[in-house]
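The lines below spell out each chain.
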Amino acid sequence: MAHARPRRRQQIQALVAAAMLLLSSALFTARLPLAVASARLVPNPTARLLLFAGLPSSSPLRAFCPRARPSPATCSAFSSATMAADNPLLVADFDFPPFDRVEPSHVRPGISELLTRLESELEELEKGVEPSWGKLVEPLERITDRLEVIWGMVDHLKAVKDSADLRAAVEEVQPDKVKFLLRLGQSKPIYEAFKAIRNSSDWESLNDARKRIVEAQIKEAVLSGVALEDEQREKFNQIEQELEKLTQKFSENVLDATKKFEKVITDKKEIDGLPATALGLAAQTAVSKGHENATAENGPWIITLDAPSYIAVMQHARNRALREEVYRAYLTRASSGELDNTGIIAQILKLRLEKAKILGYKNYAEVSMAQKMATVDRVEELLEKLRAASWDHAVKDMEDLKSFAKDSGSPEATDLTHWDLNFWSERLRESKYDINEEALRPYFALPKVMDGLFTLANKLFGVNVEPADGLAPVWHSDVKFYCVKDSSNSPVAYFYFDPYSRPSEKRGGAWMNVVFSRSRVLARNGLPARLPVAHMVCNQTPPVGDKPSLMTFREVETVFHEFGHALQHMLTKQDEGYVAGIRGVEWDAVELPSQFMENWCYHKDTLLSIAKHYETGETLPEEIYAKLVAAKNFRAGTFSLRQIRFASVDMELHTTYDPYGSLSIYDVDRRVAERTQVLAPLPEDRFLCSFSHIFAGGYAAGYYSYKWAEVLSADAFSAFEDAGLDNEKAIEETGRRFRDTVLALGGGKSPLEVFVSFRGREPSPEPLLRHNGLLPVAA
């Protein structure tokens with residue numbers, strides 16, 4: 001007791017000294033990052049303990065967790081808070097993803113910490129799991145959604161803002177992500193709980209959406225290997241890890257091979273025939289590559305394999321040698337040297353077959369079909385029916401092309417080959433229908449196209465689309481942000497639109513993807529459900545100089561297509577997150593709304609509302625509209641066979657092909673081409689090496705989905721034709737019915753039920769053949 005007073009005095013002195021040191025340190029470190037500043041705090045452990053002991057419990061300084069030997073458990077809150085403050089991937093809650101803040105350096109620590117947290121949540125769920133909605137599905141949705149949103153941010157940035165650092169970071173954390181997904185998919189407690197719901201006496205009282213969720217979760221668990229044991233499970237998991245790496249590498253090789261090709265042209269004669277927009281783009285590309293003085297008139301010009309550049313050359317360059325060079329480069333992308341995808345394809349096919357057999361299926365196509373509308377037999381039946389209907393038309397297309405080239409006095413007429421087809425097709429189309437694709441561009445300025453598209457959405461579905469730039473962070477200055485509102489002016493969804501090609505960082509093609517799904521469980525801000533958010537990405541011609549983006553008609557169709565996907569995601573009325581929007585919709589039905597929307601590009605009122613000259617405001621003349629409609633089915637047989645070739649080679653590689661046998665993938669493609677391509681492919685054709693849909697996307701044993709869904713979409717549009725396309729009231733009524741079924745129900749009902757509820761009957765392929773001019777109108 002005699003030492004109590006001096007000891008107390010020492011404690012107070014230490015406390016004061018520590019406080020003074022803290023204050024002086026704070027002046028120096030106020031502008032340092034939090035982690036750096038915290039490292040400079042009171043160095044003496046005893047003083048640090050006494051200082052924090054004297055602070056009230058509410059003081060934010062307690063967050064620094066002062067301990068001589070801080071334990072992970074005690075400091076976990078501090079560590080997470082610090083990391084979250086520095087890492088946008090760990091922000092606990094946001095209205096819209098912080099795309100503008102995510103850097104490659106955030107990926108490794110952010111995803112690792114996220115997976116650690118989710119693993120802990122999963123373990124807690126498994127310990128207390130019960131076969132009830134509140135104790136099983138809702139907490140599971142929170143876990144899976146968090147990973148989908150955060151990984152989705154990273155994956156999206158990799159697609160639109162690719163870099164070596166981001167690739168390396170993703171490659172490092174991807175195995176952990178796959179490991180967690182396998183752990184989740186193979187969770188027996190969760191699997192058994194879903195089966196218990198399926199077998200319970202309450203099953204019949206569940207609504208259709210909840211039944212679909214339960215059945216889908218059980219099926220997904222089986223396909224994820226939940227029933228496998230020991231060596232089989234270990235082998236299955238190794239396969240999944242390896243497939244993830246291979247498909248990622250495939251995609252990177254295609255992007256790099258596309259970027260690698262650059263042809264610098266200084267003599268304008270070499271690019272004779274290229275329209276002004278293509279020359280402007282080629283000069284703009286040259287400027288971005290260091291040719292500061294490049295102009296559209298005088299060059300130099302750089303040709304690339306990015307879609308706007310490649311297509312312009314193939315359609316318009318009179319220089320046959322240039323067309324050949326560019327065509328061969330495009331056709332052989334990622335098929336040689338360090339970027340060769342041939343071996344990767346072989347490995348992917350072997351692993352997919354092995355995976356299928358481990359799961360008890362004969363081939364990978366059967367695995368794919370387990371979660372689709374179709375069966376292998378029905379796919380083959382449809383493809384053959386469409387092939388037979390298209391073949392004679394495609395033969396006639398080729399004969400017409402040869403005759404036209406000959407009549408034009410072309411020396412190449414007797415030897416037309418692949419790099420001539422697009423060029424002469426465009427000349428024939430111009431001659432036959434008096435339509436010049438390039439002359440139409442001034443009528444399709446992007447801002448006006450979007451206005452017309454949104455007007456159509458209002459007419460058909462009763463929604464208003466309004467600009468909302470600045471409301472959400474974006475990843476590039478080109479990106480636009482929109483809010484979708486209902487008739488009462490309440491927001492129902494949001495979407496990003498990234499329209500232009502950026503060859504140096506953005507992969508090719510066009511796509512729509514999910515940012516947030518509608519969800520009752522994840523509702524926030526007092527709303528009954530979290531609102532859906534989507535992003536639409538295209539690769540169309542960027543603005544050149546002071547002109548807006550002037551689009552080809554095909555680019556217009558592409559925007560309508562992707563907006564159709566977005567509409568199904570955004571206009572869902574389904575509140576169960578697992579089946580809201582496009583989630584839970586069978587893959588071979590998901591193209592229905594997108595291909596349906598393309599039909600409206602040929603609807604007179606819609607097209608004329610879009611087609612306004614960007615300088616004069618003049619509406620596209622009606623006679624040109626009539627020519628566009630007349631040209632709609634130009635070479636329809638050829639284009640149909642092209643899609644059937646892709647779908648057929650995809651199916652064969654995933655059904656009967658033996659990846660261990662003597663035949664190569666190119667042998668299979670050539671055999672398929674014999675019955676799906678009038679002009680035999682070149683011996684060096686390597687398009688499979690850039691066929692990202694099936695080797696780096698979700699279309700493996702599923703490319704047929706475009707044709708399958710095209711049957712549905714054509715039949716759906718025929719409902720509007722039956723109602724009368726000139727009948728405004730009938731169009732509106734039919735549009736509302738389409739919204740209330742196809743767009744609203746999501747995956748809550750089977751696609752066939754949804755279609756029947758809209759159309760009143762099962763789908764027929766005849767409207768598709770009629771729309772494509774492959775069936776007499778009388779039929």
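Please refer to the structure placed before this passage.
Here the structure is a predicted model, which means the values were calculated and not measured. Position numbers for residues start from 1 in each chain and track the written sequence from start to end. Side-chain atom pairs in this predicted model are given and counted only at pLDDT of 80 or more, local residue features only at pLDDT of at least 70, and totals for whole chains, interfaces and linings cover all residues. Just so you know, side-chain values use all the structure's heavy atoms and leave hydrogens and water out.

(A) Representation of helix α5 (residues 104–127) within the structure. Along its 24 residues, α5 runs 35 Å from first to last C-alpha, staying within 8% of the 34 Å computed at 1.5 Å per residue. The largest bend in α5 amounts to roughly 25° and is located at G110. Buried residues are those whose accessible area, probed at 1.4 Å on protein chains only, stays under 20% of the maximum for their type, while exposed residues exceed 50% and partly exposed ones sit between those limits. Secondary structure elements are defined from DSSP: runs of H or I of at least 4 residues count as helices, runs of E of at least 2 residues count as strands, and each element is numbered from the N terminus. Along α5, the residues that are buried comprise H106, V107, G110, I111, E113, L114, L115, L118, L122, L125 and E126. A helix is expected to span 1.5 Å multiplied by its residue count minus one. A residue's bend is the angle separating two fitted axes: one through the seven residues that end there, the other through the seven that start there.

(B) Examining unusual backbone geometry more closely. Omega for the peptide link from G299 to P300 comes to -5°, which places this bond in the cis form. Here P300 is to be found in the loop between α11 (276–288) and β2 (301–304). Despite not being glycine, N489 shows a phi value in the positive range, around 70°. Mapping N489 onto the fold places it in the loop between β4 (480–485) and β5 (491–500).

(C) Quick peek at the packing of helix α10 (residues 230–260) against helix α14 (residues 342–358). With axes taken as lines fitted to C-alpha atoms, and helix axes fitted only over the stretch in contact, angles between N-to-C directions fall between 0 and 180 degrees. Packing of α10 against α14 brings their axes to within 9 Å, and their N-to-C directions diverge by 150°. Classified by the angle between their axes, α10 and α14 sit roughly antiparallel to one another. When you trace α10 past α14, the crossing you get is left-handed. The segment α10 lies against α14, with Q232, K235, F236, I239, E240, E242, L243, L246, T247, K249, F250 and N253 engaging I344, I345, Q347, I348, L351, R352, E354, K355 and I358. Along the lines of polarity and charge, the residues of the contact of α10 with α14 split into 10 nonpolar, 4 polar and 7 charged. Angular relationships are summarised with four words: roughly parallel below 35 degrees, roughly antiparallel beyond 145, roughly perpendicular across 65 to 115, and oblique for the angles in between. Note on convention: the crossing is left-handed when the near helix lies turned anticlockwise from the far helix by less than a right angle, right-handed when the turn is clockwise. Residues count as neighbours in contact if any of their non-hydrogen atoms are within 4.5 Å of one another. Gly is put with the polar residues, along with every residue not named as nonpolar or charged; the nonpolar set is Ala, Val, Leu, Ile, Met, Phe, Trp, Tyr, Cys and Pro, and the charged set is Asp, Glu, Lys and Arg.

(D) Spotlight on the environment of Q284. Examined against the element boundaries, Q284 turns out to sit in helix α11. Each C-alpha atom, one on Q284 and one on G545, is 8.4 Å from the other, the two residues being 261 residues apart in sequence. Excluding residues within four positions of it along the chain, Q284 makes contact with P542, P543, V544 and G545.

(E) Representation of the pattern of salt bridges. We count a salt bridge whenever a side-chain nitrogen from Lys or Arg sits within 4 Å of a carboxyl oxygen from Asp or Glu. Taken as a whole and judged by the stated rule, the model has 62 salt bridges. For R427, the salt bridge is made with E430, and the minimal N-O distance between the two is 2.9 Å. Taken together, the positions of R427 and E430, both in helix α17 (residues 418–433) and 3 residues apart, correspond to about one turn of that helix. Just as R427 is buried, E430 falls in that class too.

(F) Local environment of the packing of aromatic side chains. The rule is short: rings of Phe, Tyr and Trp, with Trp giving its six-membered ring, pair when the centres are within 6.5 Å, and they are stacked under 30 degrees, edge-to-face over 60, tilted in between. Using the criterion set out here, one finds 42 aromatic pairs in the structure. Their ring planes at 55° and their centres at 5.8 Å tell us that F495 and F563 sit as a pair that is tilted. Placement of the pair is F495 in strand β5 and F563 in helix α20 (residues 553–570), with a sequence separation of 68 residues. The exposure class assigned to F495 is buried, which follows from its relative accessible area of 0%. Ring geometry for F720 and F758: centres 6.4 Å apart, planes at 35°, overall tilted.

So, to be careful, I would describe these as geometric facts and stop short of saying anything about function.
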